[in-house]
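Residue strings, one per chain:
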Amino acid sequence: MNYVLNIPPLDSEQSFTYNIPMATKEQQEETLRSRVKEIAHFYYQRNRMPSFSEIGEMVGLKSKNAVSKLVKKLEALKVIERDEKGRLIPGSLKFPVRILGTVEAGFPSPAEEELADTLSLDDMLIQNHEATFLLKVSGESMSGAGILPGDMVIVNKAQNPKSGDIVIAEVDGEWTMKYLKKNGNSVTLLPDNPNFQPIKPKHELKIAGVVTAVVRQYK
């Protein structure tokens, strides 16, 4: 939408009409999403909510009034809330899924639990937030299952692993992602790529969780 500003002539000056462009609804929503992302990033980096002045600095708002309006809008959307003392606390910001690290989908390698980032996902992908985490895939042993290097796999550590599930497993002290195959008391971890060999535990096998979904970013 454009507002038309008419300035009356002064003495012998001509009159001018200025078109002042206003942000579209889509642009406003994108700006709001960007600001929410900035606040969420601050919260998960520092483990606290930013102050009003810090919010203004990170989203580019200089006036206290503008920051106050933004905070009220986010409160109305339940993105942030206030505690009994009126301090800002996270609302929906506190429900992202943790990204713990990288899992090797080729030959087994250690998977370190280091908090790398956070990512909010649609509830349809997550059945149990407390028991769900993300791992970034490296290696190509599960390419036949459509799991490629750089993909993120959603893992439910509370789900009971069954034969045929894709699992995150610690095999003799090393981590990998494979199909779980049970045959009586025998357990084998199967790749989905003919260039890789099945893995049979020699001493110990621990199942950390079952892969329930794959997330891939193309751009």
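Residues numbered from 1 in each chain as written. Predicted model: local features only at pLDDT ≥ 70, side-chain atom pairs only at ≥ 80, totals over all residues. Heavy atoms only, no water.

**Q** Can you walk me through the nonpolar core in this structure?
**A** Note on soluble globular proteins: their nonpolar side chains tend to be buried together. Met49, Ile55, Leu70, Val71, Leu74, Ile80 and Leu88 are the most contacted members of the largest nonpolar core, which has 15 residues in total. Counting only elements with at least two residues in this core, the list comes to α1 (25–46), α2 (52–59) and α3 (64–76). Within the second largest apolar cluster, 13 residues are counted, among which are Val137, Val155, Ile168 and Val211. (Core = buried A, V, L, I, M, F, W, Y, C linked by side-chain atoms within 4.5 Å. Buried < 20%, exposed > 50% of the residue type's maximum accessible area, 1.4 Å probe, protein only. Helix = DSSP H or I, 4+ residues; strand = E, 2+ residues; numbered from the N terminus.)

**Q** So what exactly am I meant to see when it comes to the side chain of Asp165 here?
**A** One can find Asp165 in the loop between β8 (152–156) and β9 (166–171). When its relative accessible area of 14% is taken as the criterion, Asp165 is described as buried. Aside from chain neighbours lying at most four places away, what touches Asp165 is Gln159, Asn160, Lys178, Tyr179, Leu180 and Val210. (Contact = heavy atoms within 4.5 Å.)

**Q** Any chance you could explain the pattern of salt bridges here in plain terms?
**A** Side-chain pairing between opposite charges can occur once the charged atoms of the two side chains come close. For the structure on display, the rule yields seven salt bridges. For Lys162, the salt bridge goes to Asp165, with nearest N and O atoms at 3.9 Å. (Salt bridge = Lys/Arg side-chain N within 4 Å of Asp/Glu carboxyl O.)

**Q** How do you make sense of the pairing of strand β7 (residues 132–138) when you look at a structure like this?
**A** Residues in a regular strand project their side chains so that they alternate between the two faces of the sheet. Across the seven residues that make up β7, a large majority, five, are buried. Taken together, the five bridges between β7 and β8 define a ladder with antiparallel strand orientation. Considered in β8, the bridge of Lys136 is made with Met152. (Pairing = 2+ DSSP bridges.)

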